[in-house]
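# Observations on the three-dimensional arrangement
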Amino acid sequence: MQNIAVIGAGTMGNGIAHVFAQNGFKVHLVDISEKSLERGLSTIEKNLDRMLNKGILNSDQVKDTLDNIKTFTDLAKGVVEADLVVEAATEEVTLKKKIFRELDAHCPEQTILATNTSSISITEIGAVTNRADKVIGMHFMNPVPIMKLVEVIRGYNTSDRVTEEILALSAKLGKIPTEVNDYPGFVANRILMPMINEAIESLFHGVAGVGEIDTVMKLGMGHPMGPLQLADFIGLDVCLSILEVLYDGFKNPKYAPCPLLVKMVMAGKLGVKSGEGFYDYSESRKAEKIAAQFS
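Residues numbered from 1 in each chain as written. Predicted model: local features only at pLDDT ≥ 70, side-chain atom pairs only at ≥ 80, totals over all residues. Heavy atoms only, no water.

### Considerations on the overall build of the chain
- A tally of helices and strands in the chain yields 13 helices and 8 strands.
- The C-alpha radius of gyration computed for the chain amounts to 20 Å, which stays within 12% of the reference 19 Å derived for 295 residues, consistent with globular compactness.
- Taken along the three principal axes of its C-alpha coordinates, the chain extends 55 × 50 × 30 Å.
- Split into buried and exposed, the 295 residues of the chain put 43% on the buried side.
- Considering only contacts within the chain whose residues lie at least 6 apart along the sequence, 66% involve residues at least 24 apart.
- Working note: accessible area of the chain is about 14,700 Å², and carbon and sulfur atoms make up 55% of it.
- Counting 30 positive and 37 negative side-chain charges, the chain places the averaged centre of each group 2 Å from the other. (Helix = DSSP H or I, 4+ residues; strand = E, 2+ residues; numbered from the N terminus. Rg over C-alpha atoms; globule rule 2.2 N^0.38 Å. Buried < 20%, exposed > 50% of the residue type's maximum accessible area, 1.4 Å probe, protein only. Contact = heavy atoms within 4.5 Å. Areas by Shrake-Rupley, 256 points an atom, 1.4 Å probe, with all protein chains shown as cover. Lys, Arg positive; Asp, Glu negative; His and termini not counted. Charge placed at Lys NZ, Arg CZ, Asp CG, Glu CD.)

### Section: the environment of Lys134
- Looking at the element boundaries, Lys134 is found in the loop between α6 (122-126) and β6 (135-140).
- Of the residues examined, Lys134 reaches a relative accessible area of 15% and is grouped as buried.
- Along the chain, Lys134 and Asp104 lie 30 residues apart, while their C-alpha atoms are 10 Å from each other.

### Describing the state of the cysteines
- Overall, the coordinates contain 0 disulfides when judged by the stated rule.
- Free cysteine: Cys258, not disulfide-bonded; nearest cysteine sulfur from Cys239 at 12 Å.
- Looking at Cys258, the relative accessible area reads 0%, which means it is buried. (Disulfide = S-S within 2.5 Å.)

### Describing the sheet that holds strand β4 (residues 84-87)
- With mixed pairing, 8 strands are arranged side by side in an open sheet as β3-β2-β1-β4-β5-β6-β7-β8. The open sheet is flanked by β3 (69-72) and β8 (176-181), the only strands paired with a single partner. Sheet twist, expressed as the average angle between the axes of neighbouring strands with direction ignored, equals 25°.
- Of the pairings in the sheet, the one linking strand β1 (residues 3-7) to strand β2 (residues 26-30) comprises 5 bridges and is parallel in character. Bridge assignment links Ala5 to a residue of β2, and that residue is His28.
- Against the sheet, helix α7 (residues 160-172) contacts β4, β5 (112-115), β6, β7 (149-154) and β8, and its axis sits at roughly 175° relative to β7. (Pairing = 2+ DSSP bridges. Axes fitted to C-alpha atoms, helices over the stretch in contact; angles between N-to-C directions.)

### Regarding the UniProt feature "domain: 3-hydroxyacyl-CoA dehydrogenase NAD binding" (unreviewed entry) in the chain
- Mapped onto this numbering, the UniProt entry annotates "domain: 3-hydroxyacyl-CoA dehydrogenase NAD binding" (unreviewed entry) at residues 3-182.
- With 43% helix and 22% strand, residues 3-182 has its two end C-alpha atoms placed 26 Å apart. (UniProt positions renumbered as here; feature names shortened; annotations may be inferred.)

### What about the nonpolar core?
- Ranked by size, the top nonpolar core spans 34 residues in total, and within it Phe20, Leu84, Met138, Phe140 and Ile166 carry the most contacts.
- Broken down by element, this core gets its largest block of residues, 6 residues, from helix α1 (residues 11-22).
- The contact partners of Phe20, leaving out residues within four places of it in the chain, are Ile4, Phe25, Val27, Leu84, Val86, Met138, Phe140, Leu169 and Leu173. (Core = buried A, V, L, I, M, F, W, Y, C linked by side-chain atoms within 4.5 Å.)

### Some words on helix α8 (residues 188-204)
- The terminal C-alpha atoms of α8 lie 24 Å apart, and with 17 residues this matches the ideal 24 Å at 1.5 Å per residue to within 8%.
- All buried positions along α8 are accounted for by Asn189, Met193, Ile196, Asn197, Ala199, Ile200 and Glu201.
- Where α8 is buried, its residues contact β6, α9 (210-221), α10 (227-234), α11 (236-250) and α12 (259-266).
- Looking one or two residues beyond α8, the residue adopting positive phi is Gly206, at roughly 75°. (Expected span 1.5 Å × (residues − 1).)

### Side note on the pattern of salt bridges
- According to the stated counting rule, one finds 12 salt bridges in the structure shown.
- The salt bridge partner of Asp237 is Lys273, with a shortest N-O separation of 2.9 Å. Of this pair, Asp237 sits in helix α11 while Lys273 sits in the loop between α12 and α13 (283-293), placing them 36 residues apart in sequence.
- Look at Asp237 and you get partly exposed, because its relative accessible area is 24%.
- Residue classification places Lys273 among the exposed residues on the basis of a relative accessible area of 54%.
- Through salt bridges with shared partners, one network takes in Glu87, Glu91 and Lys96. (Salt bridge = Lys/Arg side-chain N within 4 Å of Asp/Glu carboxyl O.)

If you want it as structure tokens, here you go:
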């Protein structure tokens, strides 16, 4: 397995492409938008420069990594030689099914189709293809170049051979693959999202403020990042989508999204990517913080 196609050049997609390319794989990065591909490549270059400055990589390794990546806006051309495709599009089941139908039509018969979904059923996605035995979940953690875990999720029809191949491949990337079964939210988000939701509920009911809630969890529970700051980093829209998948899948009210989360997403307050969530990430706030350092 040498040729990898990654669908989606956003935060997760460019990180996945980066990791495969850095480990010597030939990567086709596919997105419908040329601007998205440019932004994705720019992010990869910045992350590689950071690794170069820290002495993690040398200049030849940086060049080789970038040389291993080619970009495509035409999905059919981007996946025609792929041994493995990793889909990293928006966390929306209708979109993912559409992509997998197209992948099934354009990929070679032996190609394994993986999804980076953080919560959606692998079995449901695989069912729209004629190769459900070759459909699997590869849930990378963000930021992909740094985080070691890959949740490897086998659907109802995923074969043992494909599962073993993906576990071995993940290890070749320097990751620690962990096999889990296909239930809503898998393991990571089935546990993480109710915690984030409860933190939002605590804010919603006036138990404490944003900074106080995050401080309690960081200092009291040893978390490197508070749950509200983490939600901003993940994206509040993504958190909401995952909670909706959990709620729909289990029909258990404990997974019902907090009304405050729903309102914030409706208002476009999505966290880091929109400039504001539970915290303010706008350029004006950045300027204030810089000015404060010199006052």
